[in-house]
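Notes for the structure review
Residue strings, one per chain:
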Amino acid sequence: YRSVTSGNWITAATWERYNGTTWVAASAAPTSSDNNITIRSTHNIALNSAITADQVTINAGSSLSLSGSGVLTLNDGTGTDLIVNGVLNLSATLQGNGTVIANSGAALNWNSIVQGSVNMDFAAGSIIANGAATLGEAATVTNNSSNFNMNGSISFAGTPGPATFDNAGNIIIN
């Protein structure tokens, strides 16, 4: 699957799929069983309902925005579960047992809950916590060389297991 326009994740018209020969209009929104899902440059995808996905790539110049009752559950299948080269706006829940990798130029705007065994690895993007960001359960955020801008609060809710924030970058408290 790949985005064909900006729109809501659950709207089939937002997507097209490869049928083995060519790209065709999607008859349904992508799920975790659809292998690679790409949000293409200049497309902004909104997610305000619950979905399970795997092998999602947010290209540079595009965004995925979780809000309201949106829940993105990462299905820890083959490959990296979520690759961020653009912008990930988290104002809803990111959960599951998957891995998020943010590459150079990527941005995470975080104002929500990350829970489960989600492992978020920021190689060279930026992490901005606006409002109340929560790292819950057994989630891990690894900041290898990014700036972590804290414009609100971050809480660690480590039940049933410890939440971890490993930092090798800069923490900027505003």
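Notes on the structure in this doc start here. Starting from 1, residues in each chain are numbered consecutively following that chain's sequence as written. Since the coordinates come from a predicted model, pLDDT governs what is reported: local features require at least 70, and pairs of side-chain atoms require 80 or more to be given and counted, while whole-chain, interface and lining totals use all residues. As a rule here, side-chain values cover all heavy atoms of the structure and leave hydrogens and water aside.

Focus on the overall build of the chain
Strands here are runs of E lasting at least two residues and helices are runs of H or I lasting at least four, both read from the DSSP assignment and numbered beginning at the N terminus. Within the chain one finds zero helices and 24 strands. Buried residues are those whose accessible area, probed at 1.4 Å on protein chains only, stays under 20% of the maximum for their type, while exposed residues exceed 50% and partly exposed ones sit between those limits. Counting the 174 residues in the chain, one finds 42% classified as buried. Contacts are assigned to residue pairs that have any heavy atoms within 4.5 Å of one another. Considering only contacts within the chain whose residues lie at least 6 apart along the sequence, 30% involve residues at least 24 apart.

Here's the deal with unusual backbone geometry
Its identity as a non-glycine residue notwithstanding, T42 has a phi of 75°, on the positive side. Mapped onto the secondary structure, T42 falls in the loop between β5 (37-39) and β6 (44-47). One non-glycine residue, Q55, lies in the positive phi region at around 60°. You can see Q55 is positioned in the loop between β7 (50-53) and β8 (56-58). With relative accessibility at 15%, the residue Q55 sits in the buried group.

Some remarks on the pairing of β6
Judged by which residues are buried, β6 turns out to be one-sided: I45 and L47 face inward and are buried, whereas N44 and A46, on the alternate face, are not. Here strand β2 (residues 7-8) runs beside β6; their pairing, made up of two bridges, is parallel. Residue pairing for β6: G7 is matched across the bridge by I45. When DSSP finds at least two bridges between two strands, those strands are taken to pair. Sheet analysis places β6 next to strand β9 (residues 63-66), joined by four bridges and oriented parallel. Residue pairing in the sheet places N44 in a bridge with S63 of β9.

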